[in-house]
Structures are given as C-alpha cells and as structure tokens.
Amino acid sequence: MARRTIVFRCLFVACAALFCEGLAAIPNRPLAPSFLVGANSSLTFQRASLVSAPQSYPDVTAVILNWSRLPNVVRIVSLLCGPSLDDIIAEIVVWNNNPREISYQTFAKTGCPSEKLRIYNSPHNTYFQARYVACEQATTRFCFLQDDDYLIMPEIIRTLHARVLGTPDQSIHLLPPHEVLSTQLRTTVTSNGAHTSSAWLGHGTILPRTGASDFLALLHHLNASEDEMKMADNYFTILNNRIPEVWFDQGIELGGGQPFTVGMDGNERNKIHTIKACQYLDTLLSVTKASYTSQEESKLPFIEVDAPTPAGHQIFQAPCLGASCLLQTNIPLLPSNVKAGRHSTEDMVQQESRSIQSLGQDVVDHYLRFPPSQAVDGRPDTVFRSPLPARRGDFVSLDMLSPVGSASSTLEMTLLVTRETVDILRQALFESSTDAVNWVVSTHALVCEDTELTGLRGLRSSPRKLQECSVQSQEINHRFFRASLQIDIPSSPHWMIYEFWIRWLA
C-alpha cells in the first residue's frame, strides 16, 4: 500500500505501536450495553445498531489487489464473502499483480462460491491502475476497494454503503489517523478554482463505478504516461477537485509480505506523482476557465470544475466497530491557526511539511493517540480526547443509519466519560432527529453514575473512575442523536469520551 511520509519519524513509531494493538481491538463478544456494576447493571439494556431490511439485490463489487500477501487475501475474501455482507456485495474480484498465477482452488476453503469470486491473473503488474480497471468492468453501482494488508470489518462496510447511498456521486475513504492528518494538512483552496487534497484508497474506499470509469477517461484525456497510470492512486482525489470525505478507520493491519512503498525511493516517487497530479489539475482548471464556451472542455469527465467551497468548520467522522453506526463531531483536532493552503496546489506536499513543523511533536502525537474513532471502538480502555478545551457549539453525534426505537422500549444516549467531561455534558443539549436538520431536544435529565473503570494509560493525570452518563429520548424512529455544548465553561475542561452509544432499555 502506498503511504506518504510525515516529517517526524516518531509519528510512524507511534502508529506502529497503535497498530500492534489492532487485532486486540476486534470485539470478540457482544458490545457491553452498560459498564455499571451493582443493582443498575441488572436492568435489561441492549445496544442499538443498524436495523434495515436486506436489499433486493447487492450493488457492490469488492476489488482486492494481490501482490505479496496471498494469505491475507484469502482471509479478506473469506470475510467479504460471509453471510453478513450477502445483501451488499455482489461480486469479489481478486486482481493478481504477482507473476505467480492463482486459481479458485486457492480460495476453496473460504467457502466463497465460484460464481461470486472472480480471479484475474494480470499478464504484468499494473499497480494501482488495476483497481480502477476492475471497478470500471463491474456491473454493480458501487465498488469497494482495498489492499491486501488491511482487514475491514463487515459492520464498517455496511456503514460505508449506507452513507454512500446518500451521496452516490462521491467516494468515502477509510484512513488511519496519520493519513487523515496528512489529508487535512494537504487541503488546498486556491483562487483559480482548486478545492482539493489527496487521500489513499487502499485502506478501504467505496465509490461509484462511474467514478472509476470517469477517472480513467480523464487520465486518457490527459495522455497520462504508463507510470502515471500505474500510480493512479496519487491522482484520484486531487484530479476530482473535491475535498475528499475521509473517515478515521477501525481497520486492522494484517502486515506480511513486501510493502510497495519502502524507504526514501518510495516516498520520493509518491511526491513526484502528487506534484504531477497538482500540475494536471492547475492546467485543466486554467484551460476550462479560459474557454468556458468550449463544449469539449466544459464536459471533462471526473473533475469538479465548479467545486463547492468547503465549510468553515470541519466535521470529523469515524465508523463504529462492532455495530453499524457513524460518529460525527466538529470538535477541533488541531489549533485554529491551521488553515487550508491558498497559494498553489503544487505546494501541497511542502505545505504539509511546514504545517507539521509548525504544529510540533506534542500536537501530532495527540492527534494520533486520541482520535475520534476511539469513542466508538467498543473498548472502554481507549479514548477520544480533544486537544483543546471544550467550547460553545461543540457537538458529538451518532448516525444510526436507520430509524431506531419503538413504543415498547426506552431509548438512551449513553457516554462513558471522565468527571471532567461530565461538567461538559451538564451544559449540553441532548437531541435527536430523523433527518439531521430538524432536531428535538430531550426533556429528560442527564444521569451519571460511577463505574469501576478508571482512566486510560498514557494520560498525564492520575487515574480516576469513569462515569456512565445517559439521557433518555422520548422520541421513536429517530436516526440521529447528538450532544451539543451550549456555553463556554470557565474551568476549560477537555472532552474525554471512552465510549458513545445508543441503547434500548426494555
């Protein structure tokens, strides 16, 4: 998988340490609906999750590139072909870039039927271009792309699918924290109409099939060289000229084999192709703006010439692990002086380096150690911690992807937090909505109780007992739930959320 280098070597050391914990992060038992002990723990709680009728037909083709990690590919195929994704994934394509041919027999133990699994042995290594060609050849509406060194859980794929149905012309990219940071710092908005950044696809990406075909058509229009076609991932989001939607992932790194990007040579190659993508974008925008009456130029595929101006406040997102839902928050993850670049797209890589140096090691380390994804990973020993004090207007919300609740059960928004965060929640509104536009405020009081759990290792303060806080919702058949801070708090507490979930009380 191609990965870019961020200035501090310690960043990668930190990421490696976090990924070592990855396999332990997979919930191997039902998620706890409550962390309380004693009398209240005997109440009949159940975590809410996606409840939707199966589709009449699956509409996603999964594409996996194989190079040097065939055992991983077998494991990934087994997961993608499982019954939990039968109504989502219609076909699985294994594109083998390795000169050693593989066959269906390689995957016989997965139980995946031959009519659902298609294997293509490429006559030569087409690198990342392969995933777009495979997607273009698909017959489904969407494609799910991933490399052979990551495991993406079925509930996360379901979340991706549910969300892409609402924005069917866009891609959604799962990324580990250091890559989300890189995408954020590379975001560029210029006066000539560029609104873009770069984001990788191999950690797990869902996109419309037409997006892959339009992208390949644009590369052919540009007369892209063979090397540029092979390194297509460096060009995809930049040439789309739309700031990509990226989510903090819950992916499990599988490792093994020989990674594609190794050392300075690989990083330099990525830099060269990223800059070339920016040059192509600038050229396309200049020509298009200069000849708006030209039918040929005004109908270029893939590129968004009139890209929308990004919102002033960024929304960070992370899929839940162990249940299908999506965390969304506007809590700032970086100081307010970090802005999108406004000079030149070609300066994108250097812009990232300058921003990293300006932020400093402590800020970068915090970004990597306490991402929002840790508030919805099913683990009470990981935490999302805001780098800055809470402020009026901050919110955390959950999209349950479909309406939840019924007249026969009580619905509760529930958070596992520190006492410091309880002070924030007592000044927050708890709301729910059917459409994320019209919100209904809960009329019930916040209830917080001590648990026997204590704070996370790695925080500089002494361990303290965590509190489980809940607010009942009087509404039924609502999909979105949020807590939003209404005032600035003089004591300047930080958000520290260990878990955030919705549950039923029978």
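Quick caveat: nothing in here was measured; it's all calculated off a predicted structure. (Residues numbered from 1 in each chain as written. Predicted model: local features only at pLDDT ≥ 70, side-chain atom pairs only at ≥ 80, totals over all residues. Heavy atoms only, no water.)

Caption draft 1: Main features of unusual backbone geometry. Backbone geometry places N223, a non-glycine residue, at a positive phi of 55°. Relative to the assigned elements, N223 resides in the loop between α6 (209-221) and α7 (226-230). Phi is positive for N477, which is not a glycine, with a value near 60°. According to the relative accessible area criterion, N477 is partly exposed, its value standing at 44%. (Helix = DSSP H or I, 4+ residues; strand = E, 2+ residues; numbered from the N terminus. Buried < 20%, exposed > 50% of the residue type's maximum accessible area, 1.4 Å probe, protein only.)

Caption draft 2: Looking closely at the environment of D435. Mapped onto the secondary structure, D435 falls in the loop between β18 (428-433) and β19 (439-441). Side-chain polar atoms of D435 contact the side chain of S433, separated by 3.0 Å. Among the polar contacts made by the side chain of D435, one reaches the main-chain amide nitrogen of V437 at a distance of 2.9 Å. (Polar contact = N/O pair within 3.5 Å; in protein donor to acceptor, adjacent residues only side chain to side chain.)

Caption draft 3: Region of the structure containing the side chain of D282. Along the chain, D282 turns up in helix α9 (residues 263-290). Buried charged residue D282 carries no salt bridge. Nearest counter-charge: K276, at 11 Å. Sequence-distant contacts of D282, defined by excluding residues within four places in its chain, comprise N192, S344, T345 and E346. (Lys, Arg positive; Asp, Glu negative; His and termini not counted. Salt bridge = Lys/Arg side-chain N within 4 Å of Asp/Glu carboxyl O. Contact = heavy atoms within 4.5 Å.)

Caption draft 4: A look at the confidence of the model for the protein chain. For the protein chain, the average pLDDT comes to 88, and 85% of its residues sit at 70 or higher. With pLDDT under 50 throughout, residues 1-25 is counted as low confidence; its partners more than four residues away or in other chains account for 70 contacts. (pLDDT = per-residue confidence, 0-100.)

Caption draft 5: Focus on the packing of helix α5 (residues 177-186) against helix α12 (residues 361-369). Closest axis-to-axis distance for the α5/α12 pair is 8 Å, and the angle between their directions is 125°. Considering their axes alone, α5 and α12 lie oblique with respect to each other. Of the two possible hands of crossing, α5 and α12 adopt the one that is right-handed. Residues P177, H178, V180, L181 and Q184 of α5 pack against V364, Y367 and L368 of α12. Of the residues contributing to the contact of α5 with α12, the split by class is 6 nonpolar, 2 polar and no charged. (Axes fitted to C-alpha atoms, helices over the stretch in contact; angles between N-to-C directions. Parallel < 35°, antiparallel > 145°, perpendicular 65-115°, else oblique. Left-handed = near helix turned anticlockwise from the far one by under 90°. Nonpolar A, V, L, I, M, F, W, Y, C, P; charged D, E, K, R; others polar.)

Caption draft 6: Just the packing of aromatic side chains, in detail. A full pass over the atoms with the stated rule returns 10 aromatic pairs. Between F215 and F302 the ring centres are 5.2 Å apart and the planes differ by 50°, which places this aromatic pair in the tilted class. Remark: F302 occurs in the loop between α10 (295-298) and β13 (316-319) and F215 occurs in helix α6; sequence separation between them is 87 residues. Taken individually, F215 and F302 each receive the classification buried, so the pair is uniform in this respect. Aromatic pair F248 and F316: ring centres 6.4 Å apart, planes at 55°, arrangement tilted. One end of the pair, F248, is in strand β11 (residues 245-248); the other, F316, is in strand β13, with 68 residues separating them in the sequence. (Phe/Tyr/Trp six-rings, centres within 6.5 Å; stacked < 30°, edge-to-face > 60°.)

Caption draft 7: The arrangement of the sheet that holds strand β4 (residues 117-121) in detail. Pairing is mixed across the open sheet formed by 7 strands, whose spatial order is β4-β3-β2-β5-β10-β7-β11. The outermost strands of the open sheet, each flanked by one partner alone, are β4 and β11. Geometrically, the sheet is characterised by an average inter-axis angle of 20° between neighbouring strands, direction not taken into account. (Pairing = 2+ DSSP bridges.)

Caption draft 8: Summary view of the state of the cysteines. With the rule as written, the count across this model stands at 4 disulfides. Two residues, C135 and C143, share a disulfide whose sulfurs are 2.1 Å apart. Its S-S torsion of about 100° marks the bond between C135 and C143 as right-handed, since a negative value means left-handed. For C320, the disulfide goes to C325, at an S-S distance of 2.0 Å. Taking the sign of the S-S torsion, -115° for the link of C320 and C325, the bridge is left-handed. Look at the protein chain and number its bonded cysteines as they come in the sequence; the links are 1-2, 3-4, 5-6, 7-8. (Disulfide = S-S within 2.5 Å.)

Caption draft 9: Spatial organisation of the nonpolar core. F430, W495 and I497 are the most contacted members of the largest nonpolar core, which has 52 residues in total. Residues within four places of F430 in sequence aside, it is in contact with M413, L415, L425, V440, V441, S442, L446, V471, R482 and A483. Counting 41 residues, the second largest nonpolar core, distinct from the first, contains V63, L219, L222 and L300. (Core = buried A, V, L, I, M, F, W, Y, C linked by side-chain atoms within 4.5 Å.)

Caption draft 10: Geometry of the packing of α5 against helix α11 (residues 348-359). Direction vectors running N to C along α5 and α11 enclose 110°, while the axes themselves pass 8 Å from each other. Put simply, α5 runs roughly perpendicular to α11. With respect to the hand of their crossing, α5 and α11 are arranged in right-handed fashion. Here L181, S182, L185 and R186 of α5 come into contact with α11, specifically with M348, V349, Q351, E352, S355, I356 and L359. Residues belonging to the contact of α5 with α11 are distributed by class as follows: 6 nonpolar, 3 polar and 2 charged.

Caption draft 11: A look at the pairing of strand β17 (residues 410-417). With 7 of 8 residues buried, β17 lies mostly within the body of the structure. The pairing of β17 with strand β23 (residues 496-505) spans 8 bridges and is classified as antiparallel. Across the sheet, L415 pairs through a bridge with F500, a residue of β23.

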